Amino acid sequence: MTELDLKTSTTDPARPGVRGGWRTPDRLYRLISSPVLRMILGWDLPRYDLRVVERRAGTVCMEVGSGGGFYTTALKTHLGSENTLIALDPSPSAMQSLRHRLDGVPGARMSYLAGDGCKLPLADDQADTLFYGYSLEEMPDPLAAMREAHRVLRPGGELVLFLWRPVFTRHRRRPVVALLDELFERRRTSAGPQNIRLVYRKPAE
Ligand SMILES: C[S@@+](CC[C@H](N)C(=O)[O-])C[C@H]1O[C@@H](n2cnc3c(N)ncnc32)[C@H](O)[C@@H]1O
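Residues numbered from 1 in each chain as written. Predicted model: local features only at pLDDT ≥ 70, side-chain atom pairs only at ≥ 80, totals over all residues.

### Observations regarding the overall build of the chain
On a plain count of helices and strands, the chain comes out with seven helices and seven strands. Across the 205 residues in the chain, those meeting the buried criterion constitute 37%. Across the chain, the fraction of contacts at a sequence separation of at least 24, relative to all contacts at a separation of at least 6, is 76%. (Helix = DSSP H or I, 4+ residues; strand = E, 2+ residues; numbered from the N terminus. Buried ≥ 20, exposed ≤ 12 C-beta atoms within 10 Å, placed from the backbone. Contact = placed C-beta atoms within 7 Å.)

Here you go:
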């Protein structure tokens, strides 16, 4: 964490001033966090899904909206010890429990930040990869969030988005996807009954 210019941390006691659009109710989130259920529904197999995330030694990856950490363990393992993973979520308590849970799990060096995806605590061009696992749909301003993604990604950096269709409806998605297609190069699209997965790259300068 010291090498990076991170502007907030879990030691910051104030919960960032984030107002959500959609909020997944806690009970529903607990239910859909069951790996078995997600697997049966056919839309989430973290180790498999995360193969689209590039890894090269020295990569700085931020998971924006890590919540209960459904993807974080697999992402940490996938990236490996030569890389850095920053888990970010507005909830300081979620970040604290994630820190405890992942302590000792082999993989990437970790930082845990309480923060807002619409105002990322990174300098321009600092991140190699940004990963959003069903979190963009909860952000109060998804367009601002994607402009932030563009600001903090280095040229050539990768943006990986998993979107939950029932919440991020076509009407809500359309302006976001239009902005993404304008700012980034689309590399991969896949869609299932429950989700859409998009991989973009920030154009090299
Ligand atoms: C449906 S949960 C998904 C969590 C986790 N990635 C998963 O797949 O289980 C949505 C997450 O987005 C987070 N979130 C909501 N608003 C946010 C914001 N403005 N910036 C970053 N994350 C946000 C929530 O706190 C929550 O953890």
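### What to know about the site of the ligand
Neighbouring the ligand are 23 residues; Gly65, Gly67, Phe70, Gly117 and Ser135 lie closest to it. The class makeup of the residues in the shell around the ligand is nine nonpolar, 11 polar and three charged. (Near = placed C-beta within 6 Å. Nonpolar A, V, L, I, M, F, W, Y, C, P; charged D, E, K, R; others polar.)

### Some remarks on the confidence of the model for the chain
For any part of a model where pLDDT is low, the fine detail of the predicted coordinates should not be relied upon. On average, residues of the chain score 88 in pLDDT, and 88% of them are at 70 or above. This model gives residues 7–20 a pLDDT under 50, and the stretch forms 27 contacts once residues within four places in sequence are excluded. (pLDDT = per-residue confidence, 0-100.)

### Describing the sheet that holds strand β7 (residues 195–201)
Strand order in the open sheet made by the seven strands is β3-β2-β1-β4-β5-β7-β6, with mixed pairing throughout. On the outer flanks of this sheet lie β3 (109–114) and β6 (185–191), each paired with one strand and no other. Across this sheet, the average inter-strand angle for adjacent strands is 15°, counted without regard to direction. The pairing of strand β2 (residues 84–89) with β3 spans six bridges and is classified as parallel. Within β3, the residue paired with Leu85 across the bridge is Met110. Helix α4 (residues 72–79) rests against β1 (60–64), β2, β3 and β4 (127–133) of the sheet, and its axis sits at about 160° to β2. Its contacts with the sheet put helix α5 (residues 92–102) on β2 and β3, and the angle it makes with β3 is roughly 165°. (Pairing = 2+ DSSP bridges. Axes fitted to C-alpha atoms, helices over the stretch in contact; angles between N-to-C directions.)

### Digging into the pairing of β4
Of all seven residues that make up β4, seven are buried, and the element is covered over most of its length. Of the strand pairs in this sheet, β1 and β4 are connected by three bridges, and their pairing is parallel. By the bridge assignment, Glu63 is partnered in β4 with Phe131. Pairing analysis gives six bridges linking β4 to strand β5 (residues 153–164), with the strands arranged parallel. When the bridges of β5 are listed, Leu130 appears paired with Leu159. Considered for its hand, the β-α-β crossover made up of β4, helix α6 (residues 142–152) and β5 is right-handed. (Right-handed = clockwise from strand over helix to strand, strands pointing away.)

### A word on the pairing of β5
Where β5 meets β7, seven bridges bridge the pair, whose relative direction is antiparallel. Looking across to β7, one finds that Leu159 is bridged to Tyr200.

### Side note on unusual backbone geometry
Phi is positive for Asp125, close to 60°, though the residue is something other than glycine. A residue is classified by how many C-beta atoms lie within 10 Å of it, and Asp125, with 15 of them, is partly exposed. Here Tyr134, not a glycine, exhibits a phi torsion of approximately 60°, which is positive. Summarising the element assignment, Tyr134 is placed in the loop between β4 and α6.

### Some points on the packing of α6 against helix α7 (residues 170–183)
Relative placement of two packed helices is described by the angle separating their axes and the distance separating the axes. One can describe the packing of α6 onto α7 by two numbers: an axis separation of 9 Å at closest approach and a directional angle of 15°. Taken together, α6 and α7 sit at an angle that is classed as roughly parallel. As for the relative orientation of α6 and α7, their crossing is right-handed in sense. The residues of α7 that touch α6, namely those facing Pro142, Leu143, Met146 and His150, are Pro175, Val176, Leu179, Leu180 and Leu183. Grouping the amino acids of the contact of α6 with α7 by side-chain chemistry returns eight nonpolar, one polar and no charged. (Parallel < 35°, antiparallel > 145°, perpendicular 65-115°, else oblique. Left-handed = near helix turned anticlockwise from the far one by under 90°.)

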